[in-house]
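Below, each chain spelled out in residue letters.
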Amino acid sequence: MDELKKQQQELKELKRVLQAKINDADEQLLNIKFRMIQECGKTTGHEFITERELCIYGETFTWCKHCDYGN
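Residues numbered from 1 in each chain as written. Predicted model: local features only at pLDDT ≥ 70, side-chain atom pairs only at ≥ 80, totals over all residues. Heavy atoms only, no water.

So, unusual backbone geometry
Convention followed: Numbered from the N terminus, helices here are DSSP runs of H or I no shorter than four residues, and strands are runs of E no shorter than two. When a residue's accessible area, from a 1.4 Å probe over protein chains only, is under 20% of the maximum for its type it is buried; when over 50% it is exposed; and in between it is partly exposed.
The phi angle at Asp68 is positive, at roughly 70 degrees, despite the residue not being glycine. Structurally, Asp68 is set in the segment after strand S2 (60-64). According to the relative accessible area criterion, Asp68 is partly exposed, its value standing at 37%.

Listed below in structure tokens is the structure:
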């Protein structure tokens, strides 16, 4: 029983560490996307595309074709 508790604690710690790494990676990706949007606006300028879903009440989606701004 003690061995199982030890394994459980080790796995919980591993999960915590990995979750922290995932959170860090998510934050870095968000920062990069924000910088890409800013850079696109400064250099090429945003070129927006608007599409509508093909159905009777389709939603409209608009985004920049260069940096994905809007998605």
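From this point, the discussion proceeds with the structure in view.
Re the state of the cysteines
Rules: Throughout, a disulfide means two cysteine sulfur atoms within 2.5 Å of one another.
Summed over all chains, the structure comprises zero disulfides. Cys64 carries a free sulfur, and the closest cysteine sulfur to it, the one in Cys40, is 3.7 Å from it.

A closer look at the environment of Lys5
In this structure, Lys5 sits in helix H1 (residues 2-42). When its relative accessible area of 48% is taken as the criterion, Lys5 is described as partly exposed. As for Lys5 and Ile49, which are separated by 44 residues in sequence, their C-alpha atoms are 55 Å apart.

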